[in-house]
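Structural characterization, general
So you can see what is in the structure, the chains are spelled out below.
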Amino acid sequence: MGTASLTIDLPALVANWRALDAMTTCETGATVKANGYGLGAGKVARALAQAGARHFFVAVAEEGATIREALGPGPAIHVFSGHMRGDTDMIADLHLTPMLNSVEQLTRHLEALPGHPFGVQLDTGMNRLGLEPAEWNALREIILPQNPVMVMSHLACADTPDHPMNAQQLDAFRTMTDGINAPRSLAATGGILLGSEYHFDMCRPGVGLYGGAPFTDAAPVAYLDLPIIQVRDVAEGETVGYSNTWEAKRMSRVATVSAGYADGVIRAMGPNAKLRFGEALCPVAGRISMDLITVDITDLDEEPRALSLLDDKQTVETLAEAAGTIGYEILTSLGARYGRRYVTG
Ligand SMILES: *Cc1c(COP(=O)(O)O)cnc(C)c1O
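Thresholds applied
- Residues numbered from 1 in each chain as written.
- Predicted model: local features only at pLDDT ≥ 70, side-chain atom pairs only at ≥ 80, totals over all residues.
- Heavy atoms only, no water.
- Helix = DSSP H or I, 4+ residues; strand = E, 2+ residues; numbered from the N terminus.
- Near = heavy atom within 4 Å.
- Polar contact = N/O pair within 3.5 Å; in protein donor to acceptor, adjacent residues only side chain to side chain.
- Areas by Shrake-Rupley, 256 points an atom, 1.4 Å probe, with all protein chains shown as cover.
- Domains from an automatic or database assignment.
- Contact = heavy atoms within 4.5 Å.
- Buried area = accessible area lost by both parts, 1.4 Å probe.
- Salt bridge = Lys/Arg side-chain N within 4 Å of Asp/Glu carboxyl O.
- Nonpolar A, V, L, I, M, F, W, Y, C, P; charged D, E, K, R; others polar.

**A short note on unusual backbone geometry**
- Residue Pro-214 is bonded to the preceding Ala-213 through a cis peptide linkage, with omega at 10°.
- Checked against the element boundaries, Pro-214 lands in the loop between β10 (202-203) and β11 (222-234).
- Of note, the phi angle at Tyr-37 is positive, near 50°, even though the residue is not glycine.
- Relative to the helices and strands, Tyr-37 resides in helix α2 (residues 33-37).

Okay, here's the thing in C-alpha cells:
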C-alpha cells in the first residue's frame, strides 16, 4: 500500500487529559477544535468523554455539530466564535453554547434564543476575541442576571511562564470578574502549567492533550509511518530531487517514501528533518515534494519497508523545530490522505 499511516494513540490522549486534570482542582474540559488538532474530532471527543470530560470547546458552530454527533446529548459544547449570523438553528438544535464576543452577538443571541445557555468571552489584552473592559462594565448588570454558563478570557503568552503579560492578564481578568457568580475560565494548556491562580473554575486544554508543548511531560499521541516506494544507489556527485539541492558526497542509498507537503510534511522542514528506523536517524535528501520525500539511508544496515516521521522519540515538537514553526501547526496540518488507525486500549 502506498499510503502513509497515521496512528493515533487514544489511551495516551486520555492519559494526557488525566495528567492535566490532576494539576488542577477545577473542572477540566477539552479543546477539540480543528478536527481535534488534526487527529479526528469525533474519536478524540468520545475517548475523552469516556474518561470523564464533560465540557468541549470548538472554534465554530459547524465543528460543534461534529462533536454533538459523536457524543450525543449531555456534554456541553462551547463555541469560541460565539453566535454568528446563520448559526441560530445549529446552536438551538444541537444545544451548543456560544461564547459571545461582542455587543452585536449578545443582541443576536438574546433576541433569537432567549433563555438558551451562553457564555461570555472577555478581552484581557490579547485583542483577538471578547468584550472590551468598557463594554463589559457597561453591560455586566444586564448580562449577569441571565446566568451565563461561563465567563472566559484567553492568555496571549502562557507558553512563556515568566512573561509579564501573564500576570497582567490575570489581574485584568480578576478586576473584571471578581465577585461574580458565573463560573470563570482563563487557562488553556499553558495556563494550567502557570499554577493554580490561573485555573479558576474551568480549564480548557488543547495542544497538551495531543502531545504538544508547552506540556513537556505529555505522552506522544501521533505516530506517522511512511512506506518506502523505491530505493536506489546514487553515485558520488549525482544530485537528488527538485532543483538539485542535494548532492551525494559518497556512494549513497536513497529511499523514496510516500508523503509530502500535500500531506502536511511542510516543505520548510526539509533540510533539518530526519526519518527514523529503529534507533537510526536518516536525513531528508533534497527538497520535499508534494507526494514524496527522498531520504538518505546509506548508513542503515538493512533496507526497511517504511520509515517513521513521528514516533515516541521524534514528536510533533521535533518536527516543528525543524520547520521553524510550532507543534500546533504540525498537528493541524496532518494530511487527509493518511490511512488513520486508532489505538483504543
Ligand atoms: C485554542 C484555544 C484553547 C486551547 O489552547 P491550547 O494552547 O491548545 O491548550 C483554549 N482557549 C481558546 C480561546 C483557544 O482559542
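Now, onward.
**Comments concerning the site of the ligand**
- Close to the ligand lie 15 residues, the nearest being Lys-33, Tyr-37, Thr-189, Val-207 and Tyr-328.
- Side-chain polar atom of Arg-128 to an oxygen atom of the ligand: 3.2 Å apart, as the coordinates give it.
- Here Tyr-328 contributes a side-chain N or O atom positioned 2.6 Å from an oxygen atom of the ligand.
- Computed on the free molecule, the ligand has an accessible area of 390 Å², of which 92% lies beneath the protein chains in the complex.

**Points about the domain arrangement of the protein chain**
- Entries for the protein chain in the domain assignment read domain 1 (10-210) and domain 2 (222-343).
- For domain 1 and domain 2, the distance between their C-alpha centres works out to 37 Å.
- Between domain 1 and domain 2, the contact holds ten residues from the first and eight residues from the second.
- On the domain 1 side of the interface with domain 2, the three residues burying the most area are Tyr-37, Leu-39 and Val-207, jointly 48% of the side's total.
- Counting across the interface, domain 1 meets domain 2 through zero salt bridges.
- For the side of domain 1 that touches domain 2, the elements supplying multiple residues, two or more each, are α1 (10-22) and α2.
- Of the residues contributing to the side of domain 1 that touches domain 2, the split by class is seven nonpolar, two polar and one charged.

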